[in-house]
Amino acid sequence: MRLLLARWAGPLAVKAAVFITVMCCALAALLGVLVHVSVTDQTVGNARDLALSRLSDATRAYEAGDTLLPNAGVDPEGLPDSLRALALSGRRGTVVSTHRGRPTMWAAGPVQGHRALAVEIDYSQQSGTIAGLDTSILWSSALAIGATVLVGVFAVSRVTRRLHATARVARRISAGDLDARVDDPRTKDPVRPQDEVAAVAAALDSMAASLQSKLLSEQRFTADVAHELRTPLTGLHAAAELLPPGRPTELVRDRVAALRTLTEDLLEISRLDSGRERLEADAEGLGALAERVVRASGTETEVRVVRDAVVETDRRRLERVLGNLVANAHKHGAAPVLLTVHGPVVTVRDHGGGYPEYLVAHGPQRFRTEGGAKGHGLGLTIAVGQAEVLGARLSFRNAVDGGAVATLILPVASQAR
């Protein structure tokens, strides 16, 4: 039951249900009080008129010396003290009380000898009518409130389900699924009335389509630029190799190599953005793979294997991820750099100034660096993209005692298949 409620219940649904319930209860109470007061006044008025009429007949009979009617008498037993005092003061009145275990309507007035003449009328039927009316009002109010609440909750739940569906699509878009759409049928049929939820869904779909179009244009532009740069860079590299030895030649070759690396990174990012990358999985030992990556990097990086593990992964892509993490640690951090393998979890830690706050909070962003760091911000971006292809999770944090820590959690072999 709790899981069923969780599917539709939320702040809006709860508030609407509470509001509907309170308003129904207030309306039912108001109508019940009005009906009760109206019927009670009419019933009591009729009984009072009948009692006063019989009191008048009894008074005439008493003054004429005739025998009093049944249920009439002078200073009878059970006459309420308040009514007796009213009659002795010279006035007439009525009151309802319980006499001999049943409701009774009394009417009394003064007679000679400073005494009270009173008549009693059985009030059981009228009292039962009022009690039955009150019971009917309570039951009908409860049924009306229940039916109204159910209808209201059903109507509100339909709105909240649509809102939850819109929120889920928004979360999918924020997670990178730009193909996600709400596709509310109300937005596609111009004849149907458009409510606020449909307007929000249409705006979200329009925003997603516009964002997708702009990102695709950016991806195409990046890929086209990278492809167009490869041909002149190849020629430039060949020309640089023909230059005579010397310091200027070294500078030219260094800049050409950096430009070629940037171009290759842009091409790799464009392939990752397109989502066309496919995994070529095979069983790999993490400890040996980490040592190969460190040897290939040519850096002073310590490899610590706490617990080795065999994972089913794409060796080339995993080497690319770890290589970028190690290179980033040496380039932007400080020694010592430690690569640790603990089962399917690989961490790369340096002892520099740590990652920028934006990177820890939102992940790496291409062409963004802070704190005077050199580079284009593409290495960690590529590492994140390749980790996603591997089905792994790459996170970044700063150590408490200083330094940056990158943690790569790989899927185990049974999950990788």
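Quick notes on the rules
- Residues numbered from 1 in each chain as written.
- Predicted model: local features only at pLDDT ≥ 70, side-chain atom pairs only at ≥ 80, totals over all residues.
- Heavy atoms only, no water.
- UniProt positions renumbered as here; feature names shortened; annotations may be inferred.
- Helix = DSSP H or I, 4+ residues; strand = E, 2+ residues; numbered from the N terminus.
- Buried < 20%, exposed > 50% of the residue type's maximum accessible area, 1.4 Å probe, protein only.
- Areas by Shrake-Rupley, 256 points an atom, 1.4 Å probe, with all protein chains shown as cover.
- Phe/Tyr/Trp six-rings, centres within 6.5 Å; stacked < 30°, edge-to-face > 60°.
- Axes fitted to C-alpha atoms, helices over the stretch in contact; angles between N-to-C directions.
- Parallel < 35°, antiparallel > 145°, perpendicular 65-115°, else oblique.
- Left-handed = near helix turned anticlockwise from the far one by under 90°.
- Contact = heavy atoms within 4.5 Å.
- Nonpolar A, V, L, I, M, F, W, Y, C, P; charged D, E, K, R; others polar.
- Patch = residues over 30% accessible without salt bridge, like charges linked within 9 Å, V, L, I, M, F, W, Y side chains within 5 Å.
- Salt bridge = Lys/Arg side-chain N within 4 Å of Asp/Glu carboxyl O.
- Pairing = 2+ DSSP bridges.
- Disulfide = S-S within 2.5 Å.

With an unreviewed UniProt entry as reference, the protein is termed histidine kinase, source organism Streptomyces graminearus. UniProt lists a comment for the protein under the heading Subcellular location (unreviewed entry), and it reads "Cell membrane". Quoted verbatim from the Catalytic activity (unreviewed entry) heading of the UniProt record, the comment on the protein is "ATP + protein L-histidine = ADP + protein N-phospho-L-histidine."

Caption draft 1: Just the overall build of the protein, in detail. Along the backbone of the protein there are 12 helices and 11 strands. Counting every position in the protein, which comprises 417 residues, the buried fraction comes to 34%. Of the accessible surface of the protein, which amounts to about 24,700 Å², a share of 58% is contributed by carbon and sulfur atoms.

Caption draft 2: Seen up close, the packing of aromatic side chains. Counted according to the given criterion, the structure contains one aromatic pair. Measuring from ring centre to ring centre gives 5.4 Å for Tyr355 and Phe396, while their planes differ by 85°; the resulting arrangement is edge-to-face. Pair noted here: Tyr355 is in the loop between β9 (345–349) and α10 (357–362) and Phe396 is in strand β10 (residues 393–398), with a separation of 41 residues, a long-range link. Residue Tyr355 is classed as buried on the basis of its relative accessible area, which comes to 10%. The buried category is assigned to Phe396, whose relative accessible area is 10%.

Caption draft 3: Quick look at the packing of helix α9 (residues 315–332) against helix α11 (residues 378–390). At a minimum axis separation of 9 Å, α9 and α11 run at an interaxial angle of 150°. One element, α9, and the other, α11, form an angle in the roughly antiparallel class. Both α9 and α11 take part in a crossing whose hand is left-handed. Here Arg317, Leu318, Arg320, Val321, Asn324, Leu325 and Asn328 of α9 lie close against α11, whose contacting residues are Gly379, Leu380, Ile382, Ala383, Gln386, Ala387, Val389 and Leu390. Residues belonging to the contact of α9 with α11 are distributed by class as follows: nine nonpolar, four polar and two charged.

Caption draft 4: Spatial organisation of a nonpolar patch on the surface. On the surface, Leu27, Leu30, Leu31 and Leu34 cluster together into a nonpolar patch covering about 400 Å² of accessible area. Within the secondary structure, Leu34 is located in helix α2 (residues 11–63).

Caption draft 5: Structural detail: the pairing of strand β3 (residues 102–111). Taken across its 10 residues, β3 has seven buried, putting it largely inside the fold. Relative to β3, strand β2 (residues 93–99) is paired through seven bridges, and the arrangement is antiparallel. Note that in β3 the partner of Thr98 across the bridge is Pro103. Between the antiparallel neighbours β2 and β3 lie two residues, among them Arg100 with a positive phi of about 55°. Taken together, the eight bridges between β3 and strand β4 (residues 115–122) define a ladder with antiparallel strand orientation. Residue Met105 lies in a different strand from β4, and its bridge partner there is Ile121.

Caption draft 6: Summary view of the sheet that holds β9. Taken together, the five strands give an open sheet; going across it, the order is β6-β8-β9-β11-β10, and neighbouring strands pair in mixed fashion. With one partner strand each, in any of the chains shown, β6 (301–307) and β10 form the two edges of the open sheet. The sheet shows a mean angle of 15° between the axes of neighbouring strands, direction not considered. Two elements, β10 and strand β11 (residues 404–409), share six bridges in a ladder whose sense is antiparallel. When the bridges of β11 are listed, Phe396 appears paired with Ala406.

Caption draft 7: Layout of the packing of helix α8 (residues 286–297) against α9. With their axes 9 Å apart at the nearest point, α8 and α9 run at an angle of 55° to one another. Here α8 lies oblique to α9, going by the angle between them. For the crossing formed where α8 meets α9, the hand is right-handed. Between α8 and α9, the contacting residues are Leu286, Leu289, Arg292, Val293 and Ser297 on the first element and Arg315, Leu318, Glu319, Leu322, Gly323 and Val326 on the second. Of the residues in the contact of α8 with α9, the class split is six nonpolar, two polar and three charged.

Caption draft 8: Focus on the state of the cysteines. Under the criterion given, the structure shown has zero disulfides. Looking at Cys24, it has no disulfide partner, and the nearest cysteine sulfur is the one in Cys25, 7.0 Å off. Among the residues examined, Cys25 registers a relative accessible area of 36% and is labelled partly exposed.

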